[in-house]
Amino acid sequence: MSFRFDVVIVGLGAMGSAAAFHLARRGKRVLGLDRFSPPHAFGSSHGQTRIIREAYFEHPLYVPLVQRAYELWADLEKGAGRSLFRKTGGLMIGKPDSAVVAGATRSAHEHSLTHEVFSAAEVRSRFPALQPTEEMLAVWEPRAGILFPEICIEAHLKMARKHGAELRTDEPALNWEGDGGGVRVVTSKAAYHAGQLVLTAGSWVHSLLRGLKLPLAVERQVQFWFEPKHPVQFQPERCPIHIWEHEPGRFFYGFPDLGGGVKVARHHEGERVNPDSINREVGAEEVEAMRAVVRQFLPDADGPLRSAAVCMYTNTPDGHFFIDRHPAHPQVLIASPCSGHGFKFSSVLGEVMANLLTERQTQFDLSLFRSRFH
Ligand SMILES: Cc1cc2nc3c(=O)[nH]c(=O)nc-3n(C[C@H](O)[C@H](O)[C@H](O)COP(=O)(O)OP(=O)(O)OC[C@H]3O[C@@H](n4cnc5c(N)ncnc54)[C@H](O)[C@@H]3O)c2cc1C
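This structure is a prediction, so every number in the text was calculated from the model and none was measured. Throughout, residues of each chain are indexed from 1 in the direction in which the sequence is written. Note on the predicted model: pLDDT of at least 70 is required for a residue's local features to be given, and 80 or more for side-chain atom pairs to be given and counted; whole-chain, interface and lining totals, by contrast, use all residues. Computation of side-chain values: all heavy atoms of the structure, hydrogens and water removed.

## Observations concerning the sheet that holds strand E3 (residues 50-52)
Operational definition: We call two strands paired when DSSP finds no fewer than two bridges between them. The helix and strand labels rest on DSSP assignments: H or I over at least four residues marks a helix, E over at least two residues marks a strand, and numbering proceeds from the N terminus. In this analysis an axis means a line fitted to C-alpha atoms, helices contributing only their contacting stretch, and an angle means the value between N-to-C directions, from 0 to 180 degrees. In what follows, a contact means two residues having at least one pair of non-hydrogen atoms within 4.5 Å.
Read across the open sheet, the three strands follow the order E3-E8-E4; overall the sheet is antiparallel. Of all the strands in the sheet, the pair left with one neighbour each is E3 and strand E4 (85-87). Recorded for the sheet is a direction-independent mean angle of 30 degrees between the axes of neighbouring strands. Here three bridges tie E4 to strand E8 (residues 145-147), and the two strands are oriented antiparallel to one another. Counted as the bridge partner of Arg86 is Ile146 from E8. Of the strands in this sheet, E3, E4 and E8 are in contact with helix H2 (residues 62-80), which crosses E3 at around 120 degrees.

Put into structure tokens, the structure is as follows:
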């Protein structure tokens, strides 16, 4: 049976825009659909900045992926003619046995990555914005930095279009079904037939997988921007990106001030939500709770709140990604749930998806990400 499209991609955020680009570049006939008009502020990819880092504390298996992601972000910068990345270096800060310090050290050793370990006093003297307590250490990695997510998505979409992808925005997919070895996707406007389907619908992916019962949880997360009291301390030359395990199992992270204030946020501890009814207002008590952490560890960032934005994580039970084919429909690839740390990988996951769909294989070990919730 011949289809009008080789691949339909549902969701053109971080993951879907990258998949659209890599598939279209290989000459595939791609239709991309989004319920909104990406980049937008309703999903998981807004807020101006995302951290990219190499000494990956979550697991060493992510390191080869992020190394390829760096190469692909650089290629995309050249292709699209946009600046997507700013190198700042990065600090993973916590007690010696914390997940961030022990995990980053493990990845750095296993992959022979350039890194240094600083005492709390060394951190305070080199980076005065950051005030770890005496018993903390920091793993320094020089390649870490900042991606600009909205511009990255724009760049992937621009390049996908340039290679012939047809992208339709403000057109939600309502459902899909297997159809003669391919798929039929029904949207608010039409029905489309294709050989394969990619589901990269972010926090909504659940609604397109009702039969599967994947244990995914959507989590509300707030990003805050505070006015620094001593702006010079937070300039990117003096303030790297930083991730803290300030108490066992409790994390927050921050960025230098790129002009909009000092951005900080907790990693997890958010409310479980439905993406269609999430509260996008930020309460005064939420600001005060974040401010208490800022006051302790970044005291010079404790100025007035400049802005705040609500975003969503799509979590798996073990915090790793979910990337696999649909068990009953192998022509359908699911690749969105990234447990709040997927953006940096979107360039390489776009390439991985294109490889899986065109060659049925990838050079990367995806064993952590396969179906595992039975
Ligand atoms: C506050 C916050 C901070 C983060 N910080 C980092 C970080 O520093 N570094 C990092 O690497 N990662 C970070 N992440 C995680 C990362 O941003 C996400 O993993 C990634 O952006 C998810 O991309 P996605 O493509 O799955 O989702 P999205 O980019 O949200 O894309 C999903 C798209 O699907 C569309 N869609 C949904 N349903 C339908 C439908 N039925 N039909 C058509 N379209 C549909 C949506 O409109 C949306 O455009 C952070 C996430 C948040 C929320």
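Resuming the write-up.
## Some remarks on the site of the ligand
Threshold: Only a single heavy atom is needed: when it lies within 4 Å of a molecule or strand, its residue is near that molecule or strand. A 3.5 Å cut-off defines polar contacts: any pair of N or O atoms within that distance qualifies, except that in protein one atom must be a possible hydrogen donor and the other a possible acceptor, and neighbouring residues in sequence count only when both atoms are side-chain atoms. Exposure was quantified through the Shrake-Rupley algorithm and a 1.4 Å probe, taking into account, for residues, occlusion by the shown protein chains and nothing else.
In the vicinity of the ligand there are 34 residues, among which Asp34, Ser45, Ile51, Cys311 and Lys344 approach most closely. Within the side chain of Arg50, an N or O atom sits 2.9 Å from an oxygen atom of the ligand. Note that an oxygen atom of the ligand is positioned 3.2 Å from one of the backbone N or O atoms of Gly342. When the ligand sits alone it has 1000 Å² of accessible area, and the protein chains cover 97% of it.

## Quick word on helix H7 (residues 346-358)
Note the cut-off: How far a helix is expected to stretch is found by multiplying one less than its residue total by 1.5 Å. Burial classes follow relative accessibility: with a 1.4 Å probe on protein chains only, a residue under 20% of its type's maximum area counts as buried, one over 50% as exposed, and anything between as partly exposed.
In this model H7 runs 18 Å from its N-terminal to its C-terminal C-alpha over 13 residues, within 8% of the 18 Å that 1.5 Å per residue would give. Considered for burial, the residues of H7 that qualify are Ser346, Ser347, Val348, Leu349, Gly350, Glu351, Val352, Met353, Ala354, Asn355, Leu356 and Leu357. Where H7 ends, the next residue or the one after it, Arg360, has phi of about 60 degrees, a positive value.

## A look at the environment of Pro275
The residue Pro275 is located in the loop between strand E16 (262-267) and helix H6 (284-297) in this model. On the accessibility criterion, Pro275 (13% relative accessible area) is buried. Along the sequence, Pro275 and Arg220 sit 55 residues apart, while their C-alpha atoms lie 8.8 Å from each other.

## Observations regarding the sheet that holds strand E5 (residues 90-94)
Judged by pairing direction, the sheet is mixed, and its eight strands sit side by side in the order E6-E7-E5-E14-E15-E16-E13-E17 without closing on themselves. Two strands in the sheet have a free side with no partner beyond their single neighbour: strand E6 (116-119) and strand E17 (305-315). When the angles between neighbouring strand axes are averaged without regard to direction, this sheet yields 20 degrees. The pairing of strand E13 (residues 217-226) with E17 spans 10 bridges and is classified as antiparallel. Within the sheet, the bridge partner assigned to Phe226 lies in E17 and is Leu305. Seen against the sheet, helix H3 (residues 99-110) touches E5, strand E7 (137-141), strand E14 (241-247) and strand E15 (250-254) and runs at an angle of roughly 130 degrees to E5.

## Brief notes about the nonpolar core
Note the threshold: Here, the term nonpolar core denotes a set of buried Ala, Val, Leu, Ile, Met, Phe, Trp, Tyr and Cys residues that are joined through side-chain atoms within 4.5 Å.
Core analysis: the biggest nonpolar cluster contains 73 residues, and Ile9, Trp73, Phe345, Val348, Leu349 and Phe369 have the highest contact counts within it. Per-element tally for this core: the top contributor is H2, with 10 residues. The contact partners of Phe345, leaving out residues within four places of it in the chain, are Tyr56, Tyr62, Leu65, Val66, Ala69 and Phe321. The next biggest cluster of nonpolar side chains, apart from the first, holds 54 residues, and it includes Ile93, Phe234, Trp244 and Phe322.

## Quick look at the state of the cysteines
Rules: Pairs of cysteine sulfur atoms within 2.5 Å are what we label disulfides.
Throughout the structure, instances matching the rule amount to zero disulfides. Left without a disulfide partner, Cys338 is nearest to the cysteine sulfur of Cys311, which lies 13 Å away. On the accessibility criterion, Cys338 (7% relative accessible area) is buried.

## Here's the deal with the packing of helix H1 (residues 14-25) against helix H5 (residues 149-162)
In a packed pair of helices, the relevant descriptors are the angle between the two axes and the axis-to-axis distance. Our working definition: Oblique is the label for any angle not covered by the other classes, which are roughly parallel (under 35 degrees), roughly antiparallel (over 145) and roughly perpendicular (65 to 115). Two helices that cross are described as forming a left-handed crossing if the nearer one is turned anticlockwise from the farther one by less than a right angle, and a right-handed crossing if clockwise. Following the grouping adopted for this structure description, the nonpolar residues are Ala, Val, Leu, Ile, Met, Phe, Trp, Tyr, Cys and Pro, the charged ones are Asp, Glu, Lys and Arg, and the polar ones are all others, Gly among them.
At a closest axis distance of 8 Å, the pairing of H1 and H5 adopts a crossing angle of 30 degrees. One finds that H1 runs roughly parallel with respect to H5. Our pair here, H1 against H5, has a crossing hand that is left-handed. Counting all contacts with H1, which are made through Ala14, Ser17, Ala18, Ala20, Phe21 and Ala24, the residues of H5 involved are Ile153, His156, Leu157, Met159 and Ala160. Residues that form the contact of H1 with H5 fall into these classes: nine nonpolar, two polar and no charged.

## Considering H2
Look at H2: 26 Å from first C-alpha to last across 19 residues, which is about the 27 Å you get at 1.5 Å a residue. Among all positions in H2, only Tyr62, Val63, Leu65, Val66, Ala69, Tyr70, Leu72, Trp73, Leu76 and Ala80 are buried. Backbone geometry just downstream of H2 places Gly81 in the positive-phi region, at approximately 65 degrees.

## Some thoughts on the layout of surface pockets
To keep things clear, this is the line we draw: With a 1 Å grid spanning the protein atoms alone, the term cavity applies to any set of points in which a 1.4 Å probe fits but cannot get out, the term pocket to an open set with protein on both sides within 12 Å along at least five of seven lines, and the term lining residue to any residue with an atom within 4 Å of a point. Grid points are joined across faces, edges and corners, and a volume is the space filled by probe spheres set on the points.
Counted as a void, the second largest pocket has a volume near 240 Å³. In this structure, the second largest pocket is lined by Arg220, Gln221, Val222, Phe224, Arg266, His268, Glu269, Gly270, Glu271, Glu286, Ala289 and Met290. Going through the elements one at a time, E13 and H6 are the ones with two or more residues in the lining of the second largest pocket. The leading source of residues in the lining of the second largest pocket is E13, at four residues.

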